[in-house]
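# Summary of the model geometry
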Amino acid sequence: MNFEEQCYELLKKIPEGKVTTYKHLAKALGSNGARAVGNACRKNPNAPQVPCHRVVKSDGMLGGYAFGVDQKARLLRKEGIAVSDKLRVNLEEYLFEF
DNA sequence: TATTTGACCAAGA
DNA sequence: ATCTTGGCCAAAT
């Protein structure tokens, strides 16, 4: 199991209608490098399997998405998450921690 | 082996 | 509020 795979495994555990942050995710992986997580996601070899769109920055901003932030925002909204016009979500309400 | 890059973060100016 | 700085970690070059 390498870092990336663990990353995906965790991502798959995020329930619908919830999001997590790169930082929390990193910590759950026993690391302090939030970028390493994003790095793993952006490659994302298993695009359809892993819900990379449920990961946002620690301040609630979406961050980025391999297929475009617009898609990310749409998917999230489709799952019942309110994404503000400026690509932002309510962490208080949707944050999921491991 | 060394450097750069990236879907980041927190603290300071 | 915006910008810079230094720090973080893994993968790619």
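Taken together, 15 residues sit near DNA strand B, with Y22, R35, N39, R42 and S58 positioned nearest. Within 4 Å of the protein, the contacting atoms of DNA strand B are drawn from sugar and phosphate to the extent of 47%. Within the backbone of S58, a nitrogen or oxygen atom sits 2.5 Å from a phosphate oxygen of DNA strand B. In the environment of DNA strand B, a base nitrogen lies 3.2 Å from a nitrogen or oxygen atom belonging to the backbone of G64. If you tally residues by element for the surface near DNA strand B, the top one is helix 3 (residues 34–43), at 6 residues. Tallied by class, residues from the surface near DNA strand B come to 6 nonpolar, 4 polar and 5 charged.

Right, let's talk about the protein's contact with DNA strand C for a bit. As a matter of local geometry, DNA strand C sits amid F3, E4, S31, N32, G33, R35, A36, N39 and K43. In DNA strand C, atoms within 4 Å of the protein come from the sugar-phosphate backbone in 72% of cases. In this structure, R35 approaches DNA strand C through a side-chain N or O atom, which is 2.9 Å from a base oxygen. When contributions to the surface near DNA strand C are tallied by element, the ones reaching two or more residues are helix 1 (3–11) and helix 3.

Criteria and thresholds
Residues numbered from 1 in each chain as written. Chains lettered and ligands numbered in written order. Predicted model: local features only at pLDDT ≥ 70, side-chain atom pairs only at ≥ 80, totals over all residues. Heavy atoms only, no water. Near = heavy atom within 4 Å. Polar contact = N/O pair within 3.5 Å; in protein donor to acceptor, adjacent residues only side chain to side chain. Helix = DSSP H or I, 4+ residues; strand = E, 2+ residues; numbered from the N terminus. Nonpolar A, V, L, I, M, F, W, Y, C, P; charged D, E, K, R; others polar.

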